[in-house]
Amino acid sequence: MLQNFKSEIKTLLIVALIAVFISVGAVLLLRTVEPAPSSSPQPSPSPQTLDISTWQTYRSDEFGFEVKYPGNYFIVHPSPKEFNINGLVLVVDLESELKPILRILIKQSSKAQYDAHVEYIRTLQGFKEITIGDTRAFQYTTCGSAACRWTITFQRGTDQYEILPLMSDEFDGTEIPSETTNQILATFRFVDSSQIKT
């Protein structure tokens, strides 16, 4: 009986040692494996992958920014009064073949209001810091009853910018939808309105 007990202890110790070796090996293996890149494209400027030499430029002298867009797209300016958003001063919609693509909203916002907004969106799905043009921005996802949608927000002076996709049947809005949209976002930049030639 004592010999059976010693044999069981030896077996138990061998099993325990094997488990420790497997655990240590797994930890070491996981440390050397790099995480897979995020599947969500980043709107940060990247090397141009599309030929944008024929794209048009939308420029707002009043707000001092410009963005390029494909020639088969067009700009629509809905009245800010159509929206029930406090402080809204500009709405720019980018459309293609009668399909809404992208919306830029600008509203007046104090630094304290914007900081409170950023603190709130930090709690939302998909929150991450990104760059639009040369500006620090934040991307996050909100979900309503019908679908989810990403939004990018940043502030310049007292102007809070929000860039978001306009919904379509084939796009649920959680990912930036296409290489073209990424390229449009990569061309967004602020310009010195005093240097714009009229």
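Please refer to the structure placed before this passage.
Now for a description of the structure that goes with this document.

What counts and what doesn't
Residues numbered from 1 in each chain as written. Predicted model: local features only at pLDDT ≥ 70, side-chain atom pairs only at ≥ 80, totals over all residues. Heavy atoms only, no water. Pairing = 2+ DSSP bridges. Helix = DSSP H or I, 4+ residues; strand = E, 2+ residues; numbered from the N terminus. Axes fitted to C-alpha atoms, helices over the stretch in contact; angles between N-to-C directions. Contact = heavy atoms within 4.5 Å. Phe/Tyr/Trp six-rings, centres within 6.5 Å; stacked < 30°, edge-to-face > 60°. Buried < 20%, exposed > 50% of the residue type's maximum accessible area, 1.4 Å probe, protein only. Core = buried A, V, L, I, M, F, W, Y, C linked by side-chain atoms within 4.5 Å.

Brief notes about the sheet that holds strand β9 (residues 159-165)
Piece 1. Read from one edge of the open sheet, seven strands run β3-β4-β5-β9-β8-β7-β6, paired in antiparallel fashion. Strand pairing shows two members of the sheet lacking a second neighbour, β3 (73-76) and β6 (128-132), which therefore form its edges. Ignoring which end each strand starts from, the neighbouring axes of this sheet average 25° apart.
Piece 2. Set on the sheet, helix α2 (residues 111-121) makes contact with β5 (99-108), β7 (135-143), β8 (148-156) and β9; between it and β8 the angle comes to about 150°.

Overview of the packing of aromatic side chains
Piece 1. According to the stated counting rule, one finds 10 aromatic pairs in the structure shown.
Piece 2. Aromatic side chains F127 and F138 sit 5.5 Å apart centroid to centroid with 15° between the ring planes, which places their arrangement in the stacked category. Of the two residues, F127 sits in the loop between α2 and β6 while F138 sits in strand β7, which places them 11 residues apart along the sequence.
Piece 3. You can call F127 partly exposed: its relative accessible area is 23%.
Piece 4. Note on F138: relative accessible area 4%, which makes it buried.
Piece 5. Between F154 and Y161, the aromatic rings sit 5.0 Å apart at their centres with planes inclined by 5°, giving stacked as the arrangement.
Piece 6. What makes F154 buried here is its relative accessible area of 0%.
Piece 7. In textbook terms, an aromatic cluster arises when at least three aromatic residues are bridged by ring pairs, as seen for Y58, F65, F154, Y161, F188 and F190.

Let's talk about the sheet that holds strand β2 (residues 65-69)
Piece 1. Strand order in the open sheet formed by three strands is β1-β2-β10, with antiparallel pairing between adjacent strands. The open sheet has two free edges, formed respectively by β1 (56-60) and β10 (189-190), since each of these has just one partner strand.
Piece 2. In terms of strand pairing, β2 meets β10 through two bridges, oriented antiparallel. The partner of F65 across the bridge, within β10, is F190.
Piece 3. Helix-sheet contacts for helix α3 (residues 179-187) involve β2 and β10, and the interaxial angle to β2 is about 155°.

Some thoughts on the nonpolar core
Piece 1. Judged by nonpolar contacts, the single largest core of 32 residues is most densely connected at F65, I152, F154, Y161 and F188.
Piece 2. Every residue in contact with F188, bar those within four places of it in the chain, is listed here: F65, E66, V67, I132, G133, F154, Y161 and I163.

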